[in-house]
Amino acid sequence: MNIRFGSSNERPHTLAASSPFVQQIDVIFPSNDALENALGNLQTSFVKGDITLSGATSIYRSGITMLSVGNVEDVWCIDQRGILTISVVKETYEALGITGQKVVLGHGKGHPMEERHVISIPLHGHTESPASRRRLEDALKTFDAKHHSWTVLCAAEGNTILENEILSNRAVQAVTCKRIVLHDVHTPKMDKLPSKGDEDWEEEINSLFEWVGLVGIGSQRLSVTDSIDPSICLYEPPPSCRPCNVTRLRWKGFLGPAFVQTIINTVVDSLKSAASDDFASITCHGYDMNPVPYLPKSAFQASNKGLLTPLVNPSKGENDVWSMIFLLPSPSSDDISPRWVLAASH
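For the structure given in this document, a descriptive report is provided here. These numbers were taken from a predicted model, which means no experiment stands behind them.

**Remarks on the overall build of the protein chain**
From N to C terminus, the protein chain includes 6 helices and 15 strands. Across the 346 residues of the protein chain, 49% fall into the buried class. Contacts in the protein chain between residues at least 24 apart in sequence constitute 80% of all its contacts with a sequence separation of at least 6. If you sum the accessible surface of the protein chain, you get close to 17100 Å²; carbon and sulfur atoms cover 49% of it.

In C-alpha cells, the structure reads:
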C-alpha cells in the first residue's frame, strides 16, 4: 500500500483519471446535511451490451470508456485516452499476427512459465500506413472469429449514452446514490493528520484507514455499545474518538473518470464550508480482469512511442483500490501541513 500526503494547495485534480474503470465508490463522513445534499443527487448511467471488437473500434469517439467482461482468457478495454488495450493468452496472440509486448507471469517448478501479451492500439489520429491499418483490421476480425461478440460495459463523458445499433442486447443502467447511516459509532476527531516525521505516524494512518474500511462494510465493532467478547474480536478505535452518527454514500456500477472526479471535487468544495472538525473519505474500487487497472501520470505524456500503457496481468484477479481522507482546508494559505492522505494499491 502506497501512502501520499497533500496540503490544501494540492488539489487532487487527476486522481480519477488514474483509475479509468471503477465499479464502486464510497464517500464516508460524520453525518452532515450540507455534504449529503451536495452529493446525494449525483447520478450517472452506463450501457451493458454485446459487440464485436471491430464494431467497438468503429463507433469509438472521444470520451468513451469501454471494458469487456465475462471472459477469463482474453480481455480488452478502451480507456479515456482513446487507447485500445488487448491482453491475450499466447495461443490467441500467435493467431493475431500483430506486435505486442510479452508479460511473463511465473517461473519455476511450482509455477510453470505462462505468457500473456499486451497490445496497445491508438484509436485516434490513424497515423499508421494503409498496409498497417489493413493488418490491424484483419487481426481484429481474427479476434472476433474466435470470440464472436463480447459483453461490454460502456460509459461516456457528459452522461451521454451510446445509441448505436451495433451494440446489441443494449441495456442502459442508472447509477444512483445509496445511503446508510451508522448511529453512535466511535469517530476520529480529525483536526489534523499525522505527518511522516511524527512518531508512530504509520500506525496512526493505518488506524484511520482501518476505521474507514469498517464503516464501508457497516461493521458493528465501531458502535459505542458494542459488547462482543474481546477474545473473539478485538478492535481498538483510533485515538481521540467521539461518538456520533456516520453516513456512507455509495455508487455502484460502471463509473467513468469524469463522474468519479465530480464526486471528488464536490467533497473538496463542500468541506470548505463544513464544521471545524468535519472530514470525509473517498474509497474507490476498480474491476478485476482489467487490462488497464491504473494509469500513472506518465501514461498521459506522449513519448516517441506514443502514449504508453503499464503492463499488468489481469488474470491475477487483483483490482485497483485507493482510499483518501480529506480534512477541512487550512485557514492559512501558507500552511503546508497535510490536509489529505491517499492510500493506494498502485
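The discussion continues.
**Quick notes on the pairing of strand 12 (residues 241-255)**
Among the 15 residues that make up strand 12, 11 are buried, leaving the element largely enclosed by the rest of the structure. Pairing of strand 2 (residues 22-30) with strand 12 involves 8 bridges; the strand directions are antiparallel. The partner of Asp26 across the bridge, within strand 12, is Arg250. Of the pairings in the sheet, the one linking strand 11 (residues 178-188) to strand 12 comprises 9 bridges and is antiparallel in character. In the sheet register, Val185 faces strand 12, and the bridge partner there is Cys244.

**Some thoughts on helix 5 (residues 201-216)**
For helix 5, which comprises 16 residues, the first-to-last C-alpha distance of 23 Å matches the rise-based estimate of 22 Å (1.5 Å per residue) to within 8%. Among all positions of helix 5, only Trp201, Ile205, Ser207, Leu208, Phe209, Trp211, Val212, Leu214, Val215 and Gly216 are buried. In the segment just after helix 5, Gly218 is the residue with positive phi, at about 65 degrees.

**Side note on the pattern of salt bridges**
A complete count under the given rule lists 6 salt bridges for this structure. Between Arg179 and Glu36 there is a salt bridge, with its nearest N and O atoms 2.5 Å apart. Residue Arg179 is found in strand 11, and its partner Glu36 is found in helix 1 (residues 33-40); the two are separated by 143 residues along the sequence. With relative accessibility at 17%, the residue Glu36 sits in the buried group. Among the salt bridges present, the one from Arg221 reaches Asp226, with a minimum N-O distance of 2.8 Å. The exposure class assigned to Arg221 is partly exposed, which follows from its relative accessible area of 23%. Residues joined by salt bridges that share partners form a network here, namely Glu73, Asp74 and Lys146.

**So, the nonpolar core**
Leu39, Trp251, Ile264, Trp322 and Phe326 are the most contacted members of the largest nonpolar core, which has 42 residues in total. Of all the secondary-structure elements, those providing two or more residues to this core are strand 2, helix 1, strand 9 (150-156), strand 12, helix 6 (257-271), strand 13 (279-286), strand 14 (321-327) and strand 15 (340-344). In terms of residue count, the dominant contributor to this core is helix 6 (7 residues). Those residues in contact with Trp322 that sit more than four places away from it in its chain are Leu15, Ser19, Val260, Ile264, Ile282, Thr283, Cys284, Leu342, Ala343, Ala344 and His346. The next biggest cluster of nonpolar side chains, apart from the first, holds 28 residues, and it includes Met66, Ala139, Leu140 and Trp150.

About the criteria used
Residues numbered from 1 in each chain as written. Predicted model: local features only at pLDDT ≥ 70, side-chain atom pairs only at ≥ 80, totals over all residues. Heavy atoms only, no water. Helix = DSSP H or I, 4+ residues; strand = E, 2+ residues; numbered from the N terminus. Buried < 20%, exposed > 50% of the residue type's maximum accessible area, 1.4 Å probe, protein only. Contact = heavy atoms within 4.5 Å. Areas by Shrake-Rupley, 256 points an atom, 1.4 Å probe, with all protein chains shown as cover. Pairing = 2+ DSSP bridges. Expected span 1.5 Å × (residues − 1). Salt bridge = Lys/Arg side-chain N within 4 Å of Asp/Glu carboxyl O. Core = buried A, V, L, I, M, F, W, Y, C linked by side-chain atoms within 4.5 Å.

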